[in-house]
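Topology and contacts: notes
Next come the chains, spelled out residue by residue.
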Amino acid sequence: MSQFALPLDWPADPRDDEFLIGDSNARVVQQLERWSSWPVMAVLLVGPRKSGRSLLARIFTAKSGGQMIDDAERQNETTIFHAWNQAQETRRPLVIVADAPPPEWKIKLPDLRSRLAASPVARIEAPDEDLMRALFERLFLRRGLDARPELIQWLLLRIERSHIALLRTIDLLDQAVLERHKRLSIPLARATLAEAGLIAPRSTDPENEAP
């Protein structure tokens, strides 16, 4: 992890520390920071769900004076078309948050399709190991759970590297601690996550992995 805050030349804002930066999303932050050099005043911000893309778009629009359209695939295409045109007229950037860019996102309106084709794409990738570790540490802390470094390392070796899997893991372990009145531990995590199908049963764990 090279940094945990947005670039220093962005105005300070308490919400910035909500978005952790790692190798999987640093390029996206740089693209947004340099919005004045975009070929058009609109960008497609795409990436996995729960990756912080909407939060990043809100931080950016608050600082740039721009606008955002979230869950764009589920919005009216004519509305997006007019917002795109307005961004060009006002020179205020528009961030369009979507799961994926066209052609994966099926656009019916030809004029919108051509405009989105001219828009740059900022893509958040799956989280790298360092970002996963930082997210585990932060979320466990926020839940008031005492997650030792060895437990987090154990999870990193077994959990799918995705934001959704990470959040599901946190929710399950939080619930297990409350219901079983036990401290957070590797045995508790193994039993809970194997039962939920998030990790393989112990019998299939490689012998050389951590206990």
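Scope of this entry: the structure provided in the associated data block. Predicted model, so just to flag it, every value in this text is computed and none were measured.

Some points on the packing of aromatic side chains
The final tally for this structure, using the stated rule, is two aromatic pairs. Taken together, a centroid distance of 5.9 Å and an interplanar angle of 35° make the contact between Trp 38 and Phe 60 tilted. With a gap of 22 residues between them, Trp 38 in the loop between helix 1 (26–33) and strand 1 (42–46) and Phe 60 in helix 2 (residues 53–64) connect regions that are remote in the sequence. Of the residues examined, Phe 60 reaches a relative accessible area of 2% and is grouped as buried.

A short note on the packing of helix 3 (residues 77–90) against helix 4 (residues 110–117)
Between helix 3 and helix 4, the least distance of the axes is 9 Å, while the angle of their chain directions is 45°. One element, helix 3, and the other, helix 4, form an angle in the oblique class. Along this stretch, helix 3 crosses helix 4, giving a crossing that reads as left-handed. Contacts between helix 3 and helix 4 pair Glu 77, Ile 80, Phe 81, Trp 84 and Asn 85 from the former with Asp 111, Leu 112, Arg 115 and Leu 116 from the latter. When grouped by side-chain class, the residues that make up the contact of helix 3 with helix 4 number five nonpolar, one polar and three charged.

Things to note about the sheet that holds strand 4 (residues 121–123)
On the basis of which strands lie adjacent, the open sheet formed by four strands has the order 2-3-1-4 and parallel pairing. Every interior strand has two partners, whereas the edge strands, strand 2 (67–69) and strand 4, have only one. Each adjacent strand pair in this sheet contributes to an overall mean axis angle of 25°, direction not counted. Those strands touched by helix 1 are strand 1 and strand 4, and its axis lies near 145° from that of strand 4. Most of the contacts of helix 3 go to strand 3 (residues 94–98), to which it runs at about 150°, and overall it touches strand 1, strand 2 and strand 3.

Here's the deal with the pattern of salt bridges
Tallying each qualifying case throughout the model produces twelve salt bridges. When the shortest N-O distance is used, the salt bridge between Asp 71 and Arg 49 registers 3.4 Å. Of this pair, Asp 71 sits in the loop between strand 2 and helix 3 while Arg 49 sits in the loop between strand 1 and helix 2, placing them 22 residues apart in sequence. Classification of Arg 49 by relative accessible area gives partly exposed; the value is 35%. Of the charged contacts in the structure, one is a salt bridge between Arg 161 and Glu 129, with a shortest N-O distance of 3.6 Å. Note that Arg 161 is positioned in the loop between helix 6 (149–156) and helix 7 (163–180) and Glu 129 in helix 5 (residues 129–142), a separation of 32 residues in sequence. Residue classification places Glu 129 among the partly exposed residues on the basis of a relative accessible area of 30%. Ionic contacts of the salt-bridge type, sharing partners, join the residues Arg 49, Arg 53, Asp 71, Glu 73, Arg 74 and Asp 99 into one network.

What counts as what
- Residues numbered from 1 in each chain as written.
- Predicted model: local features only at pLDDT ≥ 70, side-chain atom pairs only at ≥ 80, totals over all residues.
- Heavy atoms only, no water.
- Phe/Tyr/Trp six-rings, centres within 6.5 Å; stacked < 30°, edge-to-face > 60°.
- Helix = DSSP H or I, 4+ residues; strand = E, 2+ residues; numbered from the N terminus.
- Buried < 20%, exposed > 50% of the residue type's maximum accessible area, 1.4 Å probe, protein only.
- Axes fitted to C-alpha atoms, helices over the stretch in contact; angles between N-to-C directions.
- Parallel < 35°, antiparallel > 145°, perpendicular 65-115°, else oblique.
- Left-handed = near helix turned anticlockwise from the far one by under 90°.
- Contact = heavy atoms within 4.5 Å.
- Nonpolar A, V, L, I, M, F, W, Y, C, P; charged D, E, K, R; others polar.
- Pairing = 2+ DSSP bridges.
- Salt bridge = Lys/Arg side-chain N within 4 Å of Asp/Glu carboxyl O.

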